[in-house]
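Structural overview
Single-letter residue listing:
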Amino acid sequence: TGAHAEVEFKNVTFRYAGAEKAAVEDISFLAKPGETTAIIGSTGAGKTSLVQLIPRFYDIESGSILVNGIDIREMKQHTLREKIGYVPQKASLFSGTIAENVRFGAKDATDQEVMDALQTAQAIDFVNEKEDGINTYIEQAGSNLSGGQKQRLAIARALVRKPEIYIFDDSFSALDYKTDAKLRSALKEETGNSTIILVAQRVNTVMDADRIIVLNEGKLAGIGTHEELLKDNTIYQEIVES
Ligand code: CTP
Ligand code: MG
């Protein structure tokens, strides 16, 4: 249905200014619309660096990143970023109501659209428990919310925009397994033909993804389904056993 965006990395290498070692080295993969592409790897493996290249927070050293076959360097920044719902690893909320925080992604979203986004993000129950519902005031940086509640509001903020590409950087890490699973299945149902790119540290979060990219020290250590990687990828096996 409607707009969709395939994301392709072709031999992408990226280095932070002045760094000796590349943070992302010779990475190639395809993330398809309607599918979930997961990225797993230990801390410092380059997961955040990799996903931040998609909205072009940094420019790559070599290779190319294509969205629907077009090199992102040839797209207007506004056109590119409009397609992307990016939930950063350290998502930040501001002082204001829950509705205002969710609407940060889409100023003209209706209350119903805000509620729908909260529903998909598995945030509606805790929001409804508050006396003022979506008009509940969030204290400075969300100090009156738990880590998992903040994560879910940040996810709702991306959902309300209905982007073609979702990037979730470790957005499920503070959730219990049950909520994590419910959220991912709701995402699958509600995001239609969008492309989902999901970074995680734990295997449970990635195991039902359509493809899993294993990163190790900035390099591609393997791509496959959970079953495929479990069979023959030693790095993935180590993550499973840890
Ligand atoms: N790095 C850097 N400058 C930055 C950010 C990161 O030099 N501004 C380096 C880090 O020190 C690390 C590598 O880039 O060696 C990859 O970092 P990152 O992409 O943040 O790794 P993640 O896999 O996202 O690690 P985590 O699971 O801890 O989030
Ligand atoms: Mg990271």
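Report on the accompanying structure. Note that the coordinates shown come from a computational prediction; the quantities given were computed from them, not determined experimentally.

Here we come to a negative patch on the surface. A cluster of like negative charges, contributed by Asp108, Glu113, Asp116, Glu189 and Glu190, occupies part of the molecular surface. For the negative patch, the secondary-structure elements that each account for two or more residues are helix 4 (111-120) and helix 7 (177-190). Topologically, Asp116 is positioned in helix 4.

When you line up the elements, Leu175 lands in the loop between strand 9 (165-169) and helix 7. Linking Leu175 and Gln151, residues 24 residues apart in sequence, is a C-alpha distance of 8.3 Å. Other than its neighbours up to four places away in sequence, Leu175 contacts Gly148, Gln151, Arg152, Asp180, Leu183 and Arg202.

Bringing the nonpolar core into the picture now. In this structure, Leu118 and Leu153 are the most contacted members of the largest nonpolar core, which totals 44 residues. Considering each element in turn, this core owes the most residues, 6 residues, to helix 6 (residues 147-159). Residue assignment places this core across two domains, with domain 1 (1-83 + 164-242) and domain 2 (91-162) each supplying three or more. Listed in part, the 29 residues of the second largest apolar core include Val7, Val12, Ile167 and Leu215.

The next thing to look at is the packing of aromatic side chains. Under the definition given, this model contains 8 aromatic pairs. Judged by centre distance (5.2 Å) and plane angle (40°), the rings of Phe14 and Tyr58 are tilted. Within this pair, whereas Phe14 is found in strand 1 (residues 7-14), its partner Tyr58 is found in the loop between helix 1 (47-52) and strand 4 (62-67), the two being separated by 44 residues in sequence. Residue Phe14 is classed as buried on the basis of its relative accessible area, which comes to 2%. The exposure class of Tyr58 is partly exposed, given its relative accessible area of 33%. With a centroid separation of 5.5 Å and 65° between ring planes, the pair formed by Phe94 and Phe104 is classed as edge-to-face. Linking Phe94 in the loop between strand 6 (84-87) and strand 7 (96-97) with Phe104 in the loop between helix 3 (98-103) and helix 4, this pair joins segments that are 10 residues apart in sequence. Linked through ring pairs, Phe14, Tyr16 and Tyr58 together constitute an aromatic cluster. Just above the ring of Tyr177 sits the side chain of Arg202; from NZ or CZ to the centre is 4.5 Å.

Rules and cut-offs
- Residues numbered from 1 in each chain as written.
- Chains lettered and ligands numbered in written order.
- Predicted model: local features only at pLDDT ≥ 70, side-chain atom pairs only at ≥ 80, totals over all residues.
- Heavy atoms only, no water.
- Patch = residues over 30% accessible without salt bridge, like charges linked within 9 Å, V, L, I, M, F, W, Y side chains within 5 Å.
- Areas by Shrake-Rupley, 256 points an atom, 1.4 Å probe, with all protein chains shown as cover.
- Salt bridge = Lys/Arg side-chain N within 4 Å of Asp/Glu carboxyl O.
- Lys, Arg positive; Asp, Glu negative; His and termini not counted.
- Charge placed at Lys NZ, Arg CZ, Asp CG, Glu CD.
- Helix = DSSP H or I, 4+ residues; strand = E, 2+ residues; numbered from the N terminus.
- Contact = heavy atoms within 4.5 Å.
- Core = buried A, V, L, I, M, F, W, Y, C linked by side-chain atoms within 4.5 Å.
- Buried < 20%, exposed > 50% of the residue type's maximum accessible area, 1.4 Å probe, protein only.
- Domains from an automatic or database assignment.
- Phe/Tyr/Trp six-rings, centres within 6.5 Å; stacked < 30°, edge-to-face > 60°.
- Lys NZ or Arg CZ within 6 Å of the ring centre and 35° of its normal.

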